[in-house]
Amino acid sequence: MGPHPAVAAIRLAVRRVLHDVLTDHTRSADLTRRTPHPELAEAGAGRQRAALPERPDTPLVLVACSGGADSMALASALAFEAPKLSVRAGGITVDHGLQDGSDTRAAEVVDRLTAMHLDPVESVAVRVGHDGGPEAAARDARYAALDAAAERHGAAAVLLGHTRDDQAETVLLGLARGSGIRSLSGMAAASGPAGRYRRPFLQLDRQTARKACLVQSLPVWDDPHNIDPAYTRSRLRHEGLPALEKALGKGVVEALARTAQLSRDDADALDTWAAQADRAARDDAGRLECAKLYALPPAVRRRVLRRAAMEAGSPAGSLFARHIEEVDRLITGWRGQRAINLPGRVEAMRQGGRLVIRQS
């Protein structure tokens, strides 16, 4: 008799991601093997390079685990699948220090991950700032800690427990902010430096992860912040989405997750087009020509403008659609306007038929 369907589903999702990690790791190792070491190259062509091993080192994959149902299910699946694929598996839990006893709970998560025979396992304490609100500040602190842990341990990937429900919430939050199609594309299955972060559960619902924990008798911790109406995502989860499903019927979560994937495909295509258009819209000195920008479709032109603003020093997280719209009017509604001030002390102005975006 095979495992419970929920357990089988989470294991299959993790197995697929581990295969991808192994493929990427092997490709990277092969590239390294074919590239001469600088010191050996300097020694002269006649010197033989030291032989490299036939197989690359076994990659390490870490799971980011809060102790909640989603990440505990992910940790259990990683612990089961990794040895079968000769992948080393470890775990990281981040103590945000936002609740009394958070250090004790982090220690409990470490004990549970260790009992699964994950190694290395560690708890990392962080200080959460205030920029962007409590949710954004906690997220920034968490990813900074995970990045540092991945670098410290030389991890090939870090697995995150985001589910299809999380994806649906992310799409709705982007829609409420009036964001563009990139925001509506939600979370990518792989993101971060060199695709470091992997999300195996984006096609699985939250209930499947919780059921997998239940049938495996895995203890889980339910974060009270997840039901606190002071947090936007919590209100959306417990009030907004249920209201949508009551009004529109079941299947809203699945439809939103599908919208995310379709939006991501479109956004990727437009980004590629914009990168090509950026090069074609510049003169010999590398300056953007307003006439060439004007001829572009608005969606492509705005991407070129956003990219130019970021290259000049505008932080991506502070550069909103209204900023790009103002810069766009220098192209499409030119009436002698003054320079447009952008985040990061960047300004955009029109000079002699050229768009100049630079530090002010």
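Above this note sits the structure.
Computed from a prediction, not measured in an experiment: that's the story for all the values here.

Draft legend 1. Representation of the pattern of salt bridges in the model. This model, assessed by the stated rule, comprises 27 salt bridges. Note that Arg198 is salt-bridged to Asp24, the shortest N-O span being 2.9 Å. You can see Arg198 sitting in strand S6 (residues 197–198) and its partner Asp24 sitting in helix H1 (residues 5–34), a full 174 residues away along the chain. The exposure class of Asp24 is partly exposed, given its relative accessible area of 32%. For the salt bridge of Lys84 with Glu81, the shortest nitrogen-to-oxygen distance reads 3.8 Å.

Draft legend 2. Spotlight on the sheet that holds S6. The strand order across the open sheet formed by six strands is S3-S2-S1-S4-S6-S5, and the pairing between neighbours is mixed. Every interior strand has two partners, whereas the edge strands, strand S3 (121–125) and strand S5 (190–191), have only one. Sheet topology note: the strand S4 (residues 157–159)/S6 ladder contains two bridges and is parallel. The partner of Val158 across the bridge, within S6, is Tyr197. Across the sheet, helix H3 (residues 69–81) touches strand S1 (60–64), strand S2 (88–95) and S4, and the angle it forms with S1 is around 160°.

Draft legend 3. Inspection of the environment of Val21 at higher detail. Within the element layout of this structure, Val21 appears in helix H1. Between the C-alpha atom of Val21 and that of Gln203, which follows or precedes it by 182 residues, the distance is 18 Å. Non-local contacts of Val21, meaning those with residues more than four positions away in its chain, are made with Val61, Ala156, Ala157 and Arg198.

Draft legend 4. Quick look at the pairing of strand S9 (residues 346–351). Note that strand S8 (residues 340–342) and S9 share three bridges and pair antiparallel. When the bridges of S9 are listed, Ile340 appears paired with Ala348. What sits between the antiparallel neighbours S8 and S9 is a turn of three residues, in which Gly344 has the positive phi angle 80°. Summarising the sheet, S9 and strand S10 (residues 354–359) pair through six bridges and their orientation is antiparallel.

Draft legend 5. View of the pairing of S2. In terms of residue burial, S2 counts as a mostly covered element, since seven of its eight residues are buried. For the handedness criterion, the β-α-β arrangement of S1, H3 and S2 is classed as right-handed. In terms of strand pairing, S2 meets S3 through five bridges, oriented parallel. Following the sheet pairing, Val94 is matched in S3 by Val124. Remark: the S2/helix H4 (residues 102–115)/S3 crossover connection has right-handed handedness.

Draft legend 6. Representation of the side chain of Thr93 within the structure. Along the chain, Thr93 falls in strand S2. Note on Thr93: relative accessible area 2%, which makes it buried. Look past the residues within four positions of Thr93 in its chain and what remains in contact with it is Cys65, Ser66, Ala106, Val109, Val110, Glu122, Ser123 and Val124.

How each quantity is defined
- Residues numbered from 1 in each chain as written.
- Predicted model: local features only at pLDDT ≥ 70, side-chain atom pairs only at ≥ 80, totals over all residues.
- Heavy atoms only, no water.
- Salt bridge = Lys/Arg side-chain N within 4 Å of Asp/Glu carboxyl O.
- Helix = DSSP H or I, 4+ residues; strand = E, 2+ residues; numbered from the N terminus.
- Buried < 20%, exposed > 50% of the residue type's maximum accessible area, 1.4 Å probe, protein only.
- Pairing = 2+ DSSP bridges.
- Contact = heavy atoms within 4.5 Å.
- Axes fitted to C-alpha atoms, helices over the stretch in contact; angles between N-to-C directions.
- Right-handed = clockwise from strand over helix to strand, strands pointing away.

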